[in-house]
Amino acid sequence: MAQQDYYELLGVEKSAGDEELKKAYRKKAVQFHPDKNPGNKEAEEMFKKVSEAYEVLKDPQKRAAYDRYGHAAFQQGGGAGPRGPGGGGGGFHDPFDIFRDVFGGGGGGGGGGIFEEMFGGGGGGRGGDRDGADLRYDLEISLEEAAKGVEKEITFRKAVTCERCHGSGAEPGSKKVTCPTCKGHGQVRRSGGIITFTQTCPTCGGAGQKIEKPCTACRGEGRTAKTTKLNVRIPAGVETGSRLRSSGNGEAGQAGGQPGDLYIVLNVREHELFERHGNDLFCEIPIKFTLATLGGSIEVPTLFGKASLKIPAGTQSGTTFRLKGKGMPSLRGGAPGDQLLRVHVEVPQSLSSEQRKILEEFARVSGDADEPMSKSFFEKAKKFF
């Protein structure tokens, strides 16, 4: 069975930098870690795969070999030489070793498990660094804006690094001291009869240190809430449900953690004239019965201005015409969609005496007065009369 592409496993583009790779791996590793998915073999297998992918892509030489030769670079006899990313035919490292390299502490099988390591628990998680949360912002735009692209200013509140303490959580001039509850270990032991268990220190949150005097601005958290304005460029061709990522514009991290990302989720309002079907636009155009009979040209609206539409003589109500390339642009750079126009022939509801006289004469000359139905329909329906 073909091996899955390493970039696809981590959910990043081939141009991703070191920080983006690391952040993507952290998210995937947490998602599939055995501590979070006990007994789930599929999750365990995915944990191994994303760890293997990160081990290759974080190393410039291995990544270059992978980009050039693919998975064959790490197979015996492959174009890049060594059998495994570790070189010398040694194969891949233990995925828990890779996890520990990224997160610190005991990645699997021991200690307090993944959650304590990530959020201030046992052993190696005592640094207290936590990445900021990703944020979602729902933005509504018009169909015209979706067709042409637009820049919008959005306003939202988020946690930002405290300006007074610069994120340390400590009042300027004060320092951090060893936590008196856990004595710097980040964990405390509790006895429940014959069972003794370990849990995150409730005083320091697993950091092993306590702020001597908390910052008066953020009360020791290192972050404060702030209203933020951001200009967002929306490319042409987006649709309802499209997501734009603004890297690093989520909530600030704590104690040196990376900031989260901001995801803008788009909703395109319904239009009074046009319906969207993929990249094609559809609308109905009412025309006079004289134009449908005699033919001619009319100007019709598009999202990009007016366009000329030729109506052939004898056009029937419900006929659909196509304006090539007048639909929505492709978000991925392909050919734009088309605009489809279905004509609806309008029948006058009131006539002047002169108009009636002329139409009656037309009906007499054409024989419509004697045969008001088409001959083809009458032949099919005459057995019912």
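Residues numbered from 1 in each chain as written. Predicted model: local features only at pLDDT ≥ 70, side-chain atom pairs only at ≥ 80, totals over all residues. Heavy atoms only, no water.

Quick word on the overall build of the protein chain
The line we're drawing: Runs of H or I in DSSP of at least four residues are treated as helices and runs of E of at least two as strands, each being numbered from the N terminus. Residue contacts are counted whenever heavy atoms from the two residues lie within 4.5 Å of one another.
Check the secondary structure of the protein chain and you find ten helices and 15 strands. Long-range pairs, those at least 24 residues apart, make up 62% of the contacts in the protein chain with a sequence separation of at least 6.

Observations concerning the pairing of strand S8 (residues 243–246)
Formally: Relative accessibility decides the category of a residue: with a 1.4 Å probe and only protein chains considered, values under 20% of the type maximum give buried, values over 50% give exposed, and everything between is partly exposed. Paired strands, in this sense, are two strands between which DSSP finds at least two bridges.
Along S8, the buried face is formed by Leu244 and Ser246; none of Arg243 and Arg245, which line the opposite face, is buried. Sheet topology note: the S8/strand S9 (residues 262–268) ladder contains four bridges and is antiparallel. In the sheet register, Ser246 faces S9, and the bridge partner there is Leu262.

A few points about helix H4 (residues 60–69)
Owing to its 3.6 residues per turn, the α-helix aligns residues three or four sequence positions apart on the same side. Stated precisely, the cut-off is as follows: Directions drawn from the helix axis to the C-beta atoms are what define this arc. Polar contact is defined as a pair of N or O atoms within 3.5 Å, subject to the rule that within protein one atom must be able to donate a hydrogen and the other to accept it, and that residues adjacent in sequence are counted only when both atoms are side-chain atoms.
Of all the residues in H4, the buried ones are Lys62, Arg63, Ala65 and Tyr66. When H4 is viewed along its axis, its buried side chains cluster within an angular range of 160° and face the same direction. Relative to its buried face, H4 has exposed residues pointing more than 90 degrees away, namely Pro60, Gln61 and Arg68. Looking at where H4 begins, the residue whose side-chain oxygen comes 2.9 Å from the main-chain nitrogen of Gln61 is Asp59. After H4 finishes, the residue Gly70 shows a positive phi value of roughly 70°.

Looking at the sheet that holds S9
We apply this condition: Inter-axis angles, ranging from 0 to 180 degrees, are taken between N-to-C directions of lines fitted to C-alpha atoms, where helices are fitted over the stretch in contact.
Overall, mixed pairing links the three strands, which are arranged S1-S9-S8 in an open sheet. Because the sheet does not close on itself, it has two edges, and the strands there are strand S1 (135–141) and S8. Along the sheet, successive strands turn relative to each other by an average axial angle of 25°, direction set aside. Taken together, the seven bridges between S1 and S9 define a ladder with parallel strand orientation. Opposite Arg136, over in S9, you have Tyr263 as the bridge partner.

Some details on the layout of surface pockets
This is how the line gets drawn: Using a grid of 1 Å spacing that covers the protein atoms alone, one calls a set of points a cavity when a 1.4 Å probe fits there but cannot get out, and a pocket when the set is open and has protein on both sides within 12 Å along at least five of seven lines; lining residues are those with an atom within 4 Å of a point. Grid points are joined across faces, edges and corners, and a volume is the space filled by probe spheres set on the points. The residue classification treats Ala, Val, Leu, Ile, Met, Phe, Trp, Tyr, Cys and Pro as nonpolar and Asp, Glu, Lys and Arg as charged. All others, Gly included, are polar.
Taken as a whole, the largest pocket spans an internal volume of roughly 890 Å³. As for the largest pocket, its lining consists of 30 residues, of which Lys23, Lys27, Arg245, Asp261 and Tyr263 are closest to the centre. Looking at the lining of the largest pocket, the elements that each hand over two or more residues are helix H2 (18–32) and S8. Looking at the lining of the largest pocket element by element, the count peaks at nine residues for H2. Here the lining of the largest pocket is composed, by residue class, of nine nonpolar, six polar and 15 charged.

Structural notes on the sheet that holds strand S15 (residues 339–346)
With mixed pairing, four strands are arranged side by side in an open sheet as S10-S11-S15-S14. Because the sheet does not close on itself, it has two edges, and the strands there are strand S10 (275–277) and strand S14 (320–323). Between one strand axis and the next, the sheet turns through 35° on average, direction left out of account. With three bridges connecting them, S10 and strand S11 (residues 280–288) associate as antiparallel partners. When the sheet's bridge partners are listed, Glu275 is paired in S11 with Phe282.

Things to note about the nonpolar core
For the record, the criterion: Throughout, nonpolar core names a set of buried Ala, Val, Leu, Ile, Met, Phe, Trp, Tyr and Cys residues whose side chains join them through atoms within 4.5 Å.
Judged by nonpolar contacts, the single largest core of 36 residues is most densely connected at Ile154, Ile234, Ile264 and Ile287. Apart from the residues lying within four places of it in its own chain, the contact partners of Ile234 are Leu139, Ile141, Gly149, Val150, Lys152, Leu244 and Leu266. Membership of the second largest hydrophobic core comes to 22 residues, among which are Tyr6, Leu21, Phe47 and Val56.

Thoughts on the pattern of salt bridges
If the charged atoms of two oppositely charged side chains come close together, the side chains can form a pair. Using the following cut-off: Any Lys or Arg side-chain nitrogen located within 4 Å of an Asp or Glu carboxyl oxygen qualifies as a salt bridge.
Per the counting criterion, the structure on display carries 19 salt bridges. Between Lys23 and Asp261 there is a salt bridge; the shortest N-O distance is 3.2 Å. Of the two residues, Lys23 sits in helix H2 while Asp261 sits in the loop between S8 and S9, which places them 238 residues apart along the sequence. Exposure class is identical for Lys23 and Asp261. Each is buried. A single network of salt bridges, built from pairs that share partners, joins Glu20, Lys23, Arg245 and Asp261.

Quick notes on the side chain of Ser242
In this structure, Ser242 sits in the loop between strand S7 (223–234) and S8. Given a relative accessible area of 13%, Ser242 falls into the buried group. If sequence neighbours within four positions are ignored, Ser242 has contacts with Ile264, Val265 and Leu266.

Brief notes about the packing of aromatic side chains
To keep it simple, the criterion reads: Two aromatic rings, drawn from Phe, Tyr or Trp (for Trp, its six-membered ring), form a pair once their centres lie within 6.5 Å of each other, and the interplanar angle then sorts them: stacked below 30 degrees, edge-to-face above 60, tilted otherwise.
In this structure the tally under the stated criterion is four aromatic pairs. An aromatic cluster is present here, built from Tyr6, Tyr7 and Tyr66 joined pairwise through their rings.

What about H2?
Stated precisely, the cut-off is as follows: To estimate the expected span of a helix, subtract one from its residue number and multiply by 1.5 Å.
With 15 residues, H2 extends 21 Å from end C-alpha to end C-alpha; this agrees with the ideal 21 Å at 1.5 Å per step. When we look at burial in H2, the residues that qualify are Leu21, Lys23, Ala24, Tyr25, Arg26, Ala29, Val30 and Phe32.

Observations regarding the confidence of the model for the protein chain
Cut-off, in case you're wondering: Each residue carries a pLDDT value, the predictor's own confidence for that position, ranging from 0 to 100.
Mean pLDDT over the protein chain works out to 81, with 79% of the residues at or above the 70 mark. With pLDDT under 50 throughout, residues 76–90 is counted as low confidence; its partners more than four residues away or in other chains account for 28 contacts. Of the regions scoring below 50 in pLDDT, residues 105–127 engages in 63 contacts with residues more than four places distant in sequence or in other chains.

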